[in-house]
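Observations on the model geometry
So the chains spell out like this:
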There are 2 protein chains.
Amino acid sequence: MSEKSSSPTVADVAREAKVSKATAARVLGGYGIASDSARRVVMEAADRLGYQPNDLARSMSTGRSGLVGVIVGDIENAFFSQAVRGISDTLRAADLNLIISNSSERLSEEVEMVSVLLRQRVAGLIVAPTDSRHVNHLKAALVAGTPVVTIDRHAPELAADAICGEDRESIGRVLSRLQGAGHRHVAYVTAMETRDGKLGRLEDIGISAVRERIAGFLEHMREAGVENPADLAFIGATGDDETTSVVTRILEHSPPITAILASDSLIGARVFRELSDRGLSLPQDMSLVSWFDADWSRVTSPRISVVDQPTYQFGQKAAERLIARLQGDASPPKLFVIPTPLLDRGTIGPAKTG
Amino acid sequence: MSEKSSSPTVADVAREAKVSKATAARVLGGYGIASDSARRVVMEAADRLGYQPNDLARSMSTGRSGLVGVIVGDIENAFFSQAVRGISDTLRAADLNLIISNSSERLSEEVEMVSVLLRQRVAGLIVAPTDSRHVNHLKAALVAGTPVVTIDRHAPELAADAICGEDRESIGRVLSRLQGAGHRHVAYVTAMETRDGKLGRLEDIGISAVRERIAGFLEHMREAGVENPADLAFIGATGDDETTSVVTRILEHSPPITAILASDSLIGARVFRELSDRGLSLPQDMSLVSWFDADWSRVTSPRISVVDQPTYQFGQKAAERLIARLQGDASPPKLFVIPTPLLDRGTIGPAKTG
DNA sequence: TTGTATGCGTTATCAG
DNA sequence: CTGATAACGCATACAA
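Residues numbered from 1 in each chain as written. Chains lettered and ligands numbered in written order. Predicted model: local features only at pLDDT ≥ 70, side-chain atom pairs only at ≥ 80, totals over all residues. Heavy atoms only, no water.

**Remarks on the overall build of chain A**
Put simply, the rule reads: Each helix corresponds to a stretch of at least 4 residues labelled H or I by DSSP, and each strand to a stretch of at least 2 residues labelled E; elements are numbered beginning at the N terminus. Taken over C-alpha atoms, the radius of gyration is set against a globule rule of 2.2 Å times the number of residues to the power 0.38. A contact between two residues is defined here by any heavy atoms of the two lying within 4.5 Å. Working definition of accessibility: Shrake-Rupley area with a 1.4 Å probe, residue cover restricted to the visible protein chains.
Each helix and strand counted, chain A has 12 helices and 12 strands in total. The C-alpha atoms of chain A give a radius of gyration of 26 Å, which is well past the 20 Å a tight globule of 354 residues would have. Along the longest, intermediate and shortest principal axes, the C-alpha atoms of chain A span 90 × 40 × 30 Å. The long-range share in chain A, meaning contacts at least 24 apart out of those at least 6 apart in sequence, stands at 68%. Here chain A has roughly 15,400 Å² of accessible surface; of this, 50% comes from carbon and sulfur atoms.

**Observations concerning the protein's contact with DNA strand D**
What counts, and what does not: When at least one non-hydrogen atom of a residue lies within 4 Å of a molecule or strand, that residue is treated as near it. N or O atoms within 3.5 Å of each other form a polar contact, as long as, within protein, one can give a hydrogen and the other can take it, and as long as residues adjacent in sequence are counted only when both atoms are side-chain atoms. Put simply, Ala, Val, Leu, Ile, Met, Phe, Trp, Tyr, Cys and Pro go in the nonpolar bin, Asp, Glu, Lys and Arg in the charged bin, and everything else, Gly too, in the polar bin.
Inspection of the region around DNA strand D gives 24 residues, with Thr23 and Ser35 of chain A together with Val10, Arg58 and Ser61 of chain B positioned closest. When atoms of DNA strand D within 4 Å of the protein are split into backbone and base, the sugar-phosphate part holds 66%. Between a base nitrogen of DNA strand D and a side-chain N or O atom of arginine 26 of chain A, the distance comes to 2.7 Å. Between DNA strand D and arginine 58 of chain B, the relevant distance is 2.6 Å, taken from a phosphate oxygen to a side-chain nitrogen or oxygen of the residue. Those elements that provide at least two residues to the surface near DNA strand D are helix H2 (21–29) and helix H4 (55–62) of chain A together with helix H2 (21–29) and helix H4 (55–62) of chain B. When residues of the surface near DNA strand D are assigned to their parent elements, the largest contribution, four residues, is made by H4 of chain B. When grouped by side-chain class, the residues that make up the surface near DNA strand D number 13 nonpolar, eight polar and three charged.

**Side note on the sheet that holds strand E10 (residues 305–307) of chain A**
Residue and element names in this part refer to chain A. Put simply, the rule is: Any two strands are treated as partners once DSSP identifies two or more bridges connecting them.
Strand order in the open sheet made by the six strands is E7-E6-E8-E9-E10-E12, with mixed pairing throughout. Where the open sheet ends on each side, the last strands, each with one partner, are strand E7 (233–234) and strand E12 (342–343). Bridge analysis of E10 against E12 gives two bridges, and the strand direction is antiparallel. Bridge pairing in E12 links valine 306 to leucine 343.

**A few points about helix H10 (residues 240–252) of chain B**
Residues and elements named next belong to chain B. Keep this limit in mind: Here, expected helix span is obtained from the residue count minus one, scaled by 1.5 Å. Relative accessible area decides the class of each residue, using a 1.4 Å probe on protein chains only: under 20% of the type maximum gives buried, over 50% gives exposed, and in between gives partly exposed. By construction, the arc corresponds to the directions joining the helix axis to the C-beta atoms.
Given a rise of 1.5 Å per residue, 13 residues ought to cover 18 Å, and the 18 Å separating the end C-alpha atoms of H10 matches this to within 8%. Of all the residues in H10, the buried ones are Thr243, Val246, Val247 and Ile250. The buried residues of H10 occupy one face: seen down the axis, they fall within an arc of 100°. Of the exposed residues in H10, those oriented more than 90 degrees away from the buried face are Asp241 and Glu252. On the buried face of H10, the contacting elements are strand E6 (186–189), strand E7 (233–234), strand E8 (259–262) and helix H11 (265–277).

**Here's the deal with the packing of helix H8 (residues 167–180) of chain A against helix H9 (residues 208–223) of chain A**
Residue and element names in this part refer to chain A. The cut-off we apply is this: Here, axes are lines fitted to C-alpha atoms. For helices the fit covers the stretch in contact, and angles between N-to-C directions go from 0 to 180 degrees. The handedness criterion is simple: a crossing whose near helix is rotated anticlockwise from the far helix by less than a right angle is left-handed, and one whose near helix is rotated clockwise is right-handed.
Where H8 meets H9, the axes come as close as 8 Å, and the angle between the chain directions of the two elements is 35°. In the packing of H8 onto H9, the handedness of the crossing is right-handed. Of the residues in H9, those touching H8 at Asp167, Arg168, Ile171, Gly172, Leu175 and Gln179 are Ala209, Glu212, Arg213, Ala215, Gly216, Phe217, Glu219, His220 and Met221. Along the lines of polarity and charge, the residues of the contact of H8 with H9 split into six nonpolar, four polar and five charged.

**Here we look at the relation of the copies chain A and chain B**
Mapping between the two copies of the chain is achieved by a rotation about an axis and a shift along the axis. Rules: Residues below a pLDDT of 70 in either copy are left out; the C-alpha atoms of the rest, at least 70 in both, set the least-squares superposition of the copies.
With an RMSD of 0.1 Å, chain A superimposes on chain B once it is rotated by 180° and translated 0.0 Å along the axis. Look at the turn and shift together and you get a two-fold axis relating the two. Most of the interface of chain A is mirrored in chain B, where 100% of its interface residues are also at the interface.

**A closer look at unusual backbone geometry**
In the segment running from leucine 282 of chain A into proline 283 of chain A, the intervening peptide bond is cis, with an omega of -5°. Here proline 283 of chain A lies in the loop between helix H11 (265–277) and strand E9 (287–291). A positive phi angle, close to 55°, is found at serine 104 of chain B, a residue other than glycine. One can find serine 104 of chain B in the loop between strand E2 (97–102) and helix H6 (107–119).

**Describing the pattern of salt bridges**
Residue and element names in this part refer to chain A. Formally: Salt bridges are identified by distance alone: a Lys or Arg side-chain nitrogen within 4 Å of an Asp or Glu carboxyl oxygen.
A full pass over the atoms with the stated rule returns 64 salt bridges over all chains. Across the pair aspartate 167 and arginine 213 runs a salt bridge whose closest N-O atoms are separated by 2.8 Å. Pair noted here: aspartate 167 is in helix H8 and arginine 213 is in helix H9, with a separation of 46 residues, a long-range link. Using a relative accessible area of 6% as the deciding quantity, one classes aspartate 167 as buried. Accessibility expressed as a relative area gives 5% for arginine 213, which makes it buried. Between aspartate 329 and arginine 325 there is a salt bridge, with the nearest N and O atoms lying 3.5 Å from each other. What makes arginine 325 buried here is its relative accessible area of 16%.

**Observations concerning the domain arrangement of chain A**
All names here are of chain A. So the rule is basically this: The split of the chain into domains comes from an automatic or database domain assignment. Buried area: the sum, over both parts, of the accessible surface (1.4 Å probe) that disappears when the two are put together.
With domains assigned, chain A is organised as domain 1 (10–62), domain 2 (67–165 + 311–338) and domain 3 (167–308). Here the C-alpha centre of domain 3 lies 28 Å away from the C-alpha centre of domain 2. Counting residues at the interface gives 14 residues for domain 2, matched by 12 residues for domain 3. Here domain 2 packs against domain 3, burying approximately 960 Å² in sum over the two surfaces, 51% of which is carbon and sulfur. Linking domain 2 with domain 3 are one salt bridge. One salt bridge connects arginine 133 with aspartate 204, and the closest N-O pair in it is separated by 4.0 Å. Linking domain 2 to domain 3 there are six residue pairs in polar contact (both at pLDDT 80 or more). The leading source of residues in the side of domain 2 that touches domain 3 is helix H5 (residues 78–93), at three residues.

**Section: the pairing of E2 of chain B**
Residues and elements named next belong to chain B. So the rule is basically this: By the criterion used throughout, a crossover qualifies as right-handed when its path from the first strand across the helix to the second strand runs clockwise, the strands pointing away from the viewer.
Within E2, six of the six residues are buried, which leaves the element mostly enclosed by the surrounding structure. On E2, burial covers both faces: Asn97, Ile99 and Ser101 on one face and Leu98, Ile100 and Asn102 on the other are all buried. Where strand E1 (residues 67–72) and E2 come together, six bridges link them in parallel fashion. In the sheet register, valine 70 faces E2, and the bridge partner there is isoleucine 100. Read as a crossover between parallel neighbours, the route from E1 over helix H5 (residues 78–93) to E2 is right-handed.

**What about empty space enclosed by the protein?**
Rules: Both site types are read off a 1 Å grid over the protein atoms alone. A 1.4 Å probe that fits but cannot get out defines a cavity, while an open set with protein on both sides within 12 Å along at least five of seven lines defines a pocket; lining residues have an atom within 4 Å of a point. Grid points are joined across faces, edges and corners, and a volume is the space filled by probe spheres set on the points.
Summed over the entire model, instances satisfying the criterion amount to one cavity of 30 Å³ or more. Considered as a void within the structure, the largest cavity measures approximately 60 Å³ in volume. Around the largest cavity, the lining residues are Leu56, Ser59, Ser65, Leu67 and Gln120 of chain A together with Asp55, Leu56, Ser59, Ser65, Leu67 and Gln120 of chain B. Counting residues per element, the ones that place at least two in the lining of the largest cavity are H4 of chain A together with H4 of chain B. If you tally residues by element for the lining of the largest cavity, the top one is H4 of chain B, at three residues. Considering only residue class, the lining of the largest cavity consists of four nonpolar, six polar and one charged.

Take a look at the structure:
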């Protein structure tokens, strides 16, 4: 019983079953036609040898590879890991597997990852593009015949399906709610970095979801009669220290800021911690709304009011669209907007006056 | 300018550069020897045609596939997504990519996933095995020459490197600390399911980390003179409702339970919420220690005392070991234990008496 | 240094 | 229904 070190191939099975390679291949691959007797002999031989198909070779022959590439900003972030779970569950049902990559929200890494995945000949790509204005690498994928779906973000230049939340609308809802409670000076805090630490032109914001929300913020604040809404958009909350300083600036702001919007759950958590560290109580001293319903926002007291972004659904929908494209759907690319309602729990209170 | 629909191959480049396929392959693949002039001509041709290597074909030829399979219980859980990030970062540095799968902590799915990944001819496997006693599928991978590293869990029967936390020791540390504060009746809450809802034989617990911790729990409690420590191990906290009922049983327990240990951060969060919903304050009315330093445990007041499991490091180490194996390290498999210290923040108080 | 020929494990074509 | 045989795209032993 001499074992070849590598695993048995169709040829080995064919030999063992005393049929031709073609016949063995047909029954093992489950295609073409084979007699019951042939089928039986081959299956038995395969069992005996412990045959395991080689999907690499299969992909080479067919040109199809049951692998889908996923590129997110940060898999560690629950926002994305939940989305990945949605993608994974949906893909699995269609017999597809998922290669996952982290861009760390850096364009250069994203470009590199796309290239790597394309080399692996993935069947399709689901990407949270870090810069909506630089999508040539994604266009190239499309041209090469690899369908692309963007998630959480939208790149108008890219002829691909996109799954997004109601970025513009949600901020409108939140601001209306706050204004109804008497808030006029509301701060929006986000993590974006710029050279000078200031909010520049909106068109220079790469992540479309961020851009949309800031645009909506400025628009609504202006409509509400706030003079320089840009002064109320605080960027650069990239880490703990940076957030500390942002919160300091917010608390020292004049006229007084009475409510804070956190653009994602990491920032929300940091802001919350800062506020409680300073002995402020919510919502009496400050109102707070965070985007994404993370675990932490349900254990604080009071619980945090959040804009609920159901990213598992984002992922599901993205995977569904990709599968549709893979199955030949050639309809024009479409933007799918997933509802992101405001869950007002306990951190929106009346504006603190004086 | 007639375009072939599929992407150009070495043959195309060779033709364009007017050299042999072998020469083109050598410079494109970066192996063997080629003259500078040849190199130049080929690269130019490749550029002109937009050549992208086909890693599938490359893997077929070489037998190596720059893909590593990762199987975790639940990518949505920060415990695992953090580990995956560690794996991903480390793997990337070694030019490896990662295919990720969810077992949902079900053996059948894990077996299926291993099979799928092996078919893809992954270079190696990093797995959090859902049942340490059923690892034949992993043994098979090993036999087939695919290195395996287990993460968070250890399967003694499996001759593979394992990366684990200090499961046994950490519970000892926690219990000593609690006992020092006067606690005698401490509950351990975990998610494991059994047929009858009762803690059966320890050997029947599949997830080794869970088994180790419960074993350590029982041992220490017994040493401390507690009569039926098994009565204090509450299993089946699998969801919100189940946790509610567990907490109810804990609060009604006699003799009174004065401290709760939560075996992971999901359970910890649920228990915390249950306790606050009932108006109990920590640590006056109840002490609480959770495993894993999740986001939420730093925003509560007081902050939660936790056993810090640095899963990013788990992932890093696992990837490092796998890479070593891939590079030919044939030393005997080893168990690597990552320190998991107790971060005592604010939820261990003196035992409530009477 | 370069070219020729063959193999990797499948799928797929086309006679028998 | 079955069996030769040729792809698929790249790597590589060997010859030139």
